[in-house]
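The residues making up each chain are set out below.
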Amino acid sequence: MLKNLPTTSQEIIAWTWPAIEPYYKELEARPLSDSSIDNWVADWSSVGERLDEMYSRLAVGTSVNTADKEAEARMNAYLDDIFPNVMAAEQRLKEKLLASNLQPKEFEIPLRNMGAEADLFRESNLPLLADQQKLAIEYDKIFGAQTVNWEGEEITLTRLALNFQQSDRPCREKAWRLKADRQLADRKAINDLWQKFIDVRARIAKNADKPSFREYSWVQRLRFDYSPEDCKSFEAAIEKVVIPAATRIYQKRKQDLGLGTLRPWDLVDGWFSRPAPPANLSQLKPFATIDELKSKTSAIFHHVDPVLGGYFDRTVSEGLTDLDNRKNKAPGAYCTSYTFIRKPFIFVNAVGTHEDVMTTLHESGHSFHIYETANVPYVQQLAVPMEFAEVASMGMELLASPFLTTADGGFYSESEAARARVEHLEGMILFWPFMAVVDAFQQWVYENSKAGADTAACDKKWGELWDRYIPGVDYSGLEEVKVTGWHRKLHIHEVPFYYVEYGLAQLGAVQIFGNARSDQAQAVAAYRKALSLGGKVTLPELFSAARAKFAFDVLTVKKAVDLMETVVEELEKDI
Ligand SMILES: [Zn+2]
């Protein structure tokens with residue numbers, strides 16, 4: 001047993017490398033055997049879970065008050081002094097464990113991951129990975145510097161995008177064209193950057209003895225349970241059964257908006273997927289205060305499951321939420337883990353919109369994962385693959401959706417709730433074809449090293465994929481904007497291959513929702529059981545514990561889409 005480890009949150013955030021280092025030294029020096037391995041892993045974990053909580057607490061400290069200089073200084077000290085030392089020390093312990101050939105209890109999956117990471121590791125790749133990071137910063141810089149003059153004022157494209165939600169179509173078009181022109185002005189810069197990305201990635205793959213960066217990424221993303229071919233099957237299934245459903249949504253919206261064709265500025269985000277809401281429906285105003293957001297969300301979760309409702313109440317009463325939007329708060333939303341005490345922290349920037357309700361449900365889904373894994377012994381068993389982590393959150397959005405009405409203590413009238421749910425389900429259907437474009441494009445880029453580095457060929461490929469998967473929107477006269485769509489998808493540049501995870505998680509979430517429609521108690525019990533496994537089992541095993549199939553085939557996708565369309569049809573009667 002390691003002695004004198006910090007136990008209070010104050011002690012944990014004040015930890016220093018000179019205080020931490022002796023624990024790692026001791027663990028590194030301790031001889032391993034069949035009889036000592038479990039204690040050794042438990043001790044390693046007790047250091048790791050505190051460091052995990054330390055990082056979370058520091059990150060929360062900087063994001064709840066971006067003007068807090070002390071919090072910032074603490075975070076910087078952590079990143080400069082503690083983080084690199086911990087990474088190196090963790091690596092040595094992983095190597096020690098692998099070299100011992102010993103297997104702690106329920107450690108197959110963590111060992112599998114550590115082994116794969118060790119195999120992929122090359123000293124020679126460290127500077128190249130750093131170069132890749134620097135290129136990502138360049139990419140952010142190009143987009144961050146983009147502003148436009150809108151009605152006499154210099155504004156960012158994020159602010160400009162608010163106009164895409166306007167009911168005035170000429171205004172939407174004007175804003176859309178302004179954004180498109182501004183982004184096209186950086187076409188050459190993004191193309192130049194892309195060639196550098198491709199070049200550095202080819203070298204990373206070669207150093208790691210992988211045939212291409214795709215094979216490298218597969219291991220790096222710890223994708224043991226599916227192949228690039230599976231992703232292609234998924235995309236073929238999407239083409240076969242999701243595109244017709246997406247086209248029906250576009251058709252319907254065209255009629256609602258009274259339009260002959262749907263143009264890109266008729267989509268809510270101005271680029272893809274969700275059409276702008278019909279003008280005659282007023283914006284939803286679900287809550288006026290944060291207390292109202294909390295109490296109504298709690299009522300909804302209690303309907304989903306009393307235990308989950310209880311978790312949310314504890315999160316709130318123990319001060320583990322920060323939900324309101326205010327000055328000096330970081331943007332966005334997240335749920336992080338205080339891993340030593342096994343509690344979540346939920347961060348949202350709520351201003352009173354329906355999005356805020358959905359975000360709170362989503363992040364709470366992640367928080368339930370943290371409660372359900374409270375009994376998983378070791379921090380190394382807590383790494384849940386993204387493909388399933390998002391099932392917890394997206395699944396909760398859907399499980400909570402039947403209880404959004406005031407009759408259940410929620411936010412909306414019957415008709416408002418129906419409208420919100422239709423938009424949610426349609427948004428999910430429309431996401432899949434977009435995801436397919438992003439994934440298929442990347443597969444093609446790294447399968448065809450020469451063409452993938454040729455930006456004109458990339459434009460052509462993206463345009464083809466776009467026409468194939470998103471046929472419902474008319475881009476005539478806007479071809480240049482259409483073919484450069486890959487420029488604007490951050491993931492393609494900064495986190496290659498990271499995207500199909502969302503599509504797979506969504507498929508799991510819809511299946512859980514389907515289960516709940518026939519047996520709520522059984523579906524929620526399976527959901528909770530699957531969450532409680534943490535990262536101790538494989539991805540297909542996590543899905544099957546949740547009574548969902550980890551699958552890529554037409555039948556599974558069709559069942560999901562049919563269900564979603566059926567529910568939309570039911571709900572439309574209530575609007
Ligand atoms: Zn999430």
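Everything that follows concerns the structure shown earlier in this document.
Residues numbered from 1 in each chain as written. Predicted model: local features only at pLDDT ≥ 70, side-chain atom pairs only at ≥ 80, totals over all residues. Heavy atoms only, no water.

K.L.:
Looking at this structure, I do not really get the packing of aromatic side chains. What am I missing?
P.N.:
In this description, an aromatic ring pair is defined by two values, namely the gap between the centres and the angle between the planes. Evaluated as defined, the whole model comprises 38 aromatic pairs. Where Phe213 meets Tyr216, the ring centres are 5.6 Å apart and the plane angle is 20°; that geometry is what we call stacked. Linking Phe213 with Tyr216, this pair stays in helix 10 (residues 213-220), spanning 3 residues, or about one helical turn. Judged by its relative accessible area of 5%, Phe213 falls in the buried class. Residue Tyr216 is classed as buried on the basis of its relative accessible area, which comes to 7%. Each member of the aromatic cluster is reached from another via a ring pair, and the members are Trp194, Phe431, Phe434, Phe441, Trp444, Trp462, Trp466, Tyr475, Trp486, Tyr498, Tyr499 and Tyr502. The residue whose ring lies beneath Arg223 is Trp218, and the NZ or CZ to ring-centre distance is 4.5 Å. The ring centre of Phe347 lies 4.6 Å from the NZ or CZ of Lys329, which sits over that ring. (Phe/Tyr/Trp six-rings, centres within 6.5 Å; stacked < 30°, edge-to-face > 60°. Helix = DSSP H or I, 4+ residues; strand = E, 2+ residues; numbered from the N terminus. Buried < 20%, exposed > 50% of the residue type's maximum accessible area, 1.4 Å probe, protein only. Lys NZ or Arg CZ within 6 Å of the ring centre and 35° of its normal.)

K.L.:
What am I meant to see in the packing of helix 6 (residues 126-144) against helix 9 (residues 187-207) here?
P.N.:
Helix packing geometry: the angle between the two helix axes and the distance between the axes. The N-to-C vectors of helix 6 and helix 9 enclose an angle of 160°; their axes lie 10 Å apart at closest approach. With respect to each other, helix 6 and helix 9 are oriented roughly antiparallel. Helix 9 is crossed by helix 6, and the crossing has left-handed handedness. Contact with helix 6, carried on its side by Leu128, Leu129, Asp131, Gln132, Leu135, Ala136, Glu138, Tyr139, Ile142 and Phe143, involves Ala189, Ile190, Leu193, Lys196, Phe197, Val200, Arg201, Arg203, Ile204 and Asn207 of helix 9 and no other residues of that element. For the contact of helix 6 with helix 9, the class distribution of residues is 13 nonpolar, 2 polar and 5 charged. (Axes fitted to C-alpha atoms, helices over the stretch in contact; angles between N-to-C directions. Parallel < 35°, antiparallel > 145°, perpendicular 65-115°, else oblique. Left-handed = near helix turned anticlockwise from the far one by under 90°. Contact = heavy atoms within 4.5 Å. Nonpolar A, V, L, I, M, F, W, Y, C, P; charged D, E, K, R; others polar.)

K.L.:
I would appreciate a short explanation of the side chain of Ser45 in the present structure.
P.N.:
Mapped onto the secondary structure, Ser45 falls in helix 3 (residues 37-64). Using a relative accessible area of 2% as the deciding quantity, one classes Ser45 as buried. At a separation of 2.8 Å, a polar atom in the side chain of Ser45 contacts the main-chain amide nitrogen of Val379. With near-sequence residues (within four places) excluded, Ser45 lies in contact with Pro377, Tyr378, Val379 and Gln380. (Polar contact = N/O pair within 3.5 Å; in protein donor to acceptor, adjacent residues only side chain to side chain.)

K.L.:
What's the story with the pattern of salt bridges in this structure? I'm lost.
P.N.:
Think of it this way: side chains of opposite charge can pair up when their charged atoms draw near. Inspection of every chain in the model, using the stated rule, returns 44 salt bridges. Measuring nitrogen to oxygen at the nearest pair gives 3.8 Å for the salt bridge that ties Arg159 to Glu153. Among the residues examined, Glu153 registers a relative accessible area of 41% and is labelled partly exposed. We note a salt bridge from Arg326 to Asp322, for which the minimum N-O separation is 2.8 Å. With relative accessibility at 33%, the residue Arg326 sits in the partly exposed group. Under the relative-accessibility criterion, Asp322 is labelled buried at 11%. Among the charged side chains, a salt-bridge network with shared partners connects Arg214, Glu215, Glu229, Lys232 and Glu447. (Salt bridge = Lys/Arg side-chain N within 4 Å of Asp/Glu carboxyl O.)

K.L.:
Please explain the coordination of the zinc ion as it appears in this structure.
P.N.:
By definition of the ideal shapes, four donors in a tetrahedron about a metal sit 109.5 degrees apart, and six donors in an octahedron sit 90 or 180 degrees apart. Note on the zinc ion: its protein donors are His362 (NE2), His366 (NE2), Glu390 (OE) and Glu390 (OE). The metal-donor distances range over 2.1 to 2.5 Å. Of note is the zinc ion, whose 4 donor atoms meet at the metal with angles of 53 to 139° in an arrangement that counts as irregular. Expressed as a motif, the donor residue spacing for the zinc ion is H-x3-H-x23-E. With His362 and His366 both in helix 14 (residues 354-372) and 4 residues apart, this pair spans about one turn of that helix. A relative accessible area of 14% places His362 in the buried class. (Donors = N, O, S within 2.8 Å, 3.2 Å for Na, K, Ca; no water. Tetrahedral: all angles 85-135°; square planar, octahedral: opposite > 155°, others 65-115°.)

K.L.:
Hey, could you run me through empty space enclosed by the protein in this one?
P.N.:
Take a probe with the size of a water molecule and roll it over the atoms, and the empty space left behind shows itself. Per the stated rule, a full pass over the model turns up 2 cavities of 30 Å³ or more. Of the pockets and cavities examined, the largest cavity occupies roughly 70 Å³. Lining the largest cavity are Phe143, Ala180, Gln183, Leu184, Asp186, Arg187, Ile190, Thr484, His487 and Arg488. Secondary-structure elements contributing two or more residues to the lining of the largest cavity are helix 8 (169-184) and helix 9. Per-element accounting of the lining of the largest cavity gives the leading share, 3 residues, to helix 8. (1 Å grid on protein atoms, 1.4 Å probe; cavity = no way out; pocket = protein on both sides within 12 Å on 5 of 7 lines; lining within 4 Å. Points joined across faces, edges and corners; volume = space filled by probe spheres on them.)

K.L.:
Just checking my understanding: could you explain helix 13 (residues 306-317) for this structure?
P.N.:
Two residues of an α-helix separated by three or four positions point the same way, owing to the 3.6 residues in each turn. The terminal C-alpha atoms of helix 13, which comprises 12 residues, lie 16 Å apart, in line with the 16 Å expected from a rise of 1.5 Å per residue. Three or more residues of helix 13 are buried, namely Leu308, Gly309, Tyr311, Phe312 and Thr315. Buried residues of helix 13, seen end-on, are gathered within an arc of 155° and therefore sit on one face of the element. The outward face of helix 13, more than 90 degrees from its buried face, is lined by the exposed residues Pro306 and Ser317. Elements that come into contact with the buried residues of helix 13 comprise helix 12 (290-304), strand 3 (321-324), strand 5 (343-350), helix 14, helix 15 (386-400) and helix 22 (520-532). You can read the cap of helix 13 off the contacts: a side-chain oxygen lies 3.1 Å from the backbone nitrogen of Val307, and it is on Asp305. Just past helix 13, the residue Gly319 takes up positive phi, approximately 70°. (Expected span 1.5 Å × (residues − 1). Arc of directions from axis to C-beta.)

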